[in-house]
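An overview of the molecular structure
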Amino acid sequence: MRVIVESGPNEVAQTAAQFVARLVRRRPTCVLGLATGSTPLGLYAELVRLHRDEGLDFSRVVTFNLDEYVGLGPNDPQSYRYFMNENLFHHINIDPRNTHVPDGRALDFESHCEQYERLIQEEGGIDLQVLGIGSDGHIAFNEPGSSLGSRTRLKTLTSETVQDNARFFARLEDVPRLAITMGVGTILESRQCLVLACGQSKAQAIRATVEGPVTAQVTASALQFHRSAIAVLDESAASLLERREYYREVEESQRRLEQGPHA
Ligand code: PGA
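Overview of the structure. (Residues numbered from 1 in each chain as written. Predicted model: local features only at pLDDT ≥ 70, side-chain atom pairs only at ≥ 80, totals over all residues. Heavy atoms only, no water.)

**Observations regarding the site of the ligand**
Around the ligand, the structure places G37, S38, T39, G132, I133, G134, H138, R167 and K202. The side chain of T39 places a nitrogen or oxygen atom 2.5 Å from an oxygen atom of the ligand. In the model, an oxygen atom of the ligand is placed 2.9 Å from a nitrogen or oxygen of the R167 side chain. For the ligand, the accessible surface in isolation is 280 Å², of which the surrounding protein chains cover 83%. The residue inventory of the shell around the ligand, partitioned by class, reads 1 nonpolar, 6 polar and 2 charged. (Near = heavy atom within 4 Å. Polar contact = N/O pair within 3.5 Å; in protein donor to acceptor, adjacent residues only side chain to side chain. Areas by Shrake-Rupley, 256 points an atom, 1.4 Å probe, with all protein chains shown as cover. Nonpolar A, V, L, I, M, F, W, Y, C, P; charged D, E, K, R; others polar.)

**With respect to the packing of helix α2 (residues 41-54) against helix α3 (residues 80-87)**
Look at α2 against α3: their axes get within 10 Å of each other, and the N-to-C directions meet at 40°. Overall, the two elements α2 and α3 adopt an arrangement that is oblique. Counted together, L41, Y44 and V48 of α2 and F83, M84 and N87 of α3 form the full contact between these two elements. Taken together, the residues of the contact of α2 with α3 sort by class into 5 nonpolar, 1 polar and no charged. (Axes fitted to C-alpha atoms, helices over the stretch in contact; angles between N-to-C directions. Helix = DSSP H or I, 4+ residues; strand = E, 2+ residues; numbered from the N terminus. Parallel < 35°, antiparallel > 145°, perpendicular 65-115°, else oblique. Contact = heavy atoms within 4.5 Å.)

**Here's the deal with the pattern of salt bridges**
Scanning the model with the defined rule gives 19 salt bridges in all. Of the charged contacts in the structure, one is a salt bridge between D95 and R97, with a shortest N-O distance of 2.7 Å. When the shortest N-O distance is used, the salt bridge between R255 and E252 registers 3.6 Å. One end of the pair, R255, and the other, E252, are both in helix α8 (residues 244-259), 3 residues apart, so they sit about a helical turn from each other. One salt-bridge network, held together by shared partners, links R25, E46, R49, R52, D53 and E54. (Salt bridge = Lys/Arg side-chain N within 4 Å of Asp/Glu carboxyl O.)

**Quick word on the side chain of T181**
Tracing the chain through its elements places T181 in strand β8 (residues 178-181). T181 gets classed as buried once you look at its relative accessible area, which sits at 0%. In this structure the side chain of T181 is engaged in a polar contact, spanning 3.0 Å, whose partner is the backbone nitrogen of F141. Apart from residues lying up to four places away in sequence, T181 is in contact with L66, D67, A140, F141, N142, R151, T152, R153 and K155. (Buried < 20%, exposed > 50% of the residue type's maximum accessible area, 1.4 Å probe, protein only.)

Read these as geometric descriptors, not functional statements.
Here it is in structure tokens:
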């Protein structure tokens, strides 16, 4: 896994936005996998700025979100569809028909999940998947113990995740216990993954993800099998990594390579 350590959350957002923007410029019809939560907010703000100030064009981009709470509709301010509309989609020139978020109010969840997987395939697969990470090491809502081959399905949230997400709800009892989520297997099929993490509360999960054994108890650790996974971390989230110095040297060499042989 490639590890990029930035000084703080703003720098993490800038670096992540550069990865997304480069892809959108190179491939205007690309398929982006998107995440919700506090971590990608800075990335989305920067993409909105790049659209407004530099004309970054999303008109032919297709998106698939990782997950959605069961029971919440698109107009519910706690739903992930609402979050995406408010923080990104309504501020860029994306075609709403090209934005996909699982439907938390689907009548038949099994067939809805199958259809979601099929749609991703029909669009040619995900080019770049943005991911946050839970304090328990989950990606999307793939809680500890999720199969590393899992596909889009219903998942019961752990009490740790319910507690972590309670800050977005008026009362702990309001946090849904069930979600539709892409599986670990779905995420591993994306062509590139960008895992973003900021803050001390993520340091343990990042250590386990990057340097620990691959285990279903830390579903993010499955990214060690991904062909192109990049972790973009701030100093706090990276603070428990043992090989930090080596990751820095790798990035230094990478920069020299990008500057060309005579720089
Ligand atoms: P956060 O959530 O970005 O709000 O910390 C990440 C996650 O649980 O995947």
